[in-house]
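Report on the structure
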Amino acid sequence: QVQLVESGGGLVQAGGSLGLSCAASRTIFNFRRMGWYRQAPGKQRELVATITSGGSTNYADSVEGRFTISRDNAKNTVYLQMDSLKPEDTAVYYCNARTYSGAEYWGQGTQVTVSS
């Protein structure tokens with residue numbers, strides 16, 4: 001079974017930066033797409049950023065220009081660098097992976113809190 005483990009969350013002031021990591025228990029080279037989602041209390045989980053096996057990236061409009069998703073296939077890890085953080089970025093951030101056969105996996109989540 002595939003496991004995804006997020007790390008790097010914490011408390012930061014507005015305008016600051018945090019870097020999140022998602023470590024997978026298998027090679028991420030064979031995942032069709034990996035990404036980051038987030039969920040704030042009382043709200044639906046929303047897409048933040050994705051990266052395909054070919055390196056194509058996609059970002060939510062709300063984080064475009066501030067967040068950067070990347071991957072290191074040798075380390076089986078996907079990253080999310082978050083700069084210029086805003087209080088509205090506060091949420092639990094989840095790692096997600098999709099296979100070519102249609103399976104989907106989720107991490108446990110890591111809390112990101114941005115203070116004013």
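Everything discussed here concerns the structure shown above.
Read on for an overview of the structure. Throughout, a residue's number is its position along its own chain's written sequence, starting from 1. In view of the model being predicted, local features appear only for residues whose pLDDT reaches at least 70, and side-chain atom pairs are presented and counted only at 80 or more, with totals across whole chains, interfaces and linings using the full set of residues. Just so you know, side-chain values use all the structure's heavy atoms and leave hydrogens and water out.

With that out of the way, let us pick up the state of the cysteines. For the purposes of this analysis, a disulfide is any pair of cysteine sulfur atoms at a distance within 2.5 Å. Throughout the structure, instances matching the rule amount to 1 disulfide. What pairs with Cys22 in a disulfide is Cys95, and their sulfur atoms sit 2.0 Å apart. Because the torsion about its S-S bond is -80°, the bridge between Cys22 and Cys95 counts as left-handed. Separated by 73 residues along the polypeptide, Cys22 in strand E3 (residues 18-24) and Cys95 in strand E9 (residues 91-99) bring together distant segments of the chain. A simple rule labels every residue: compare its accessible area, found with a 1.4 Å probe on the protein chains alone, to the largest value its type can have, and call it buried under 20%, exposed over 50%, or partly exposed in between. Residue Cys95 is classed as buried on the basis of its relative accessible area, which comes to 0%. Put simply, DSSP H or I for four residues or longer makes a helix, DSSP E for two residues or longer makes a strand, and each gets a number counted from the N terminus.

With that settled, the discussion passes to the environment of Lys43. Residue placement: Lys43 occurs in the loop between strand E4 (31-39) and strand E5 (46-52). Looking at Lys43, the relative accessible area reads 51%, which means it is exposed. Separated by 48 residues in sequence, Lys43 and Ala91 have C-alpha atoms that sit 9.7 Å apart.

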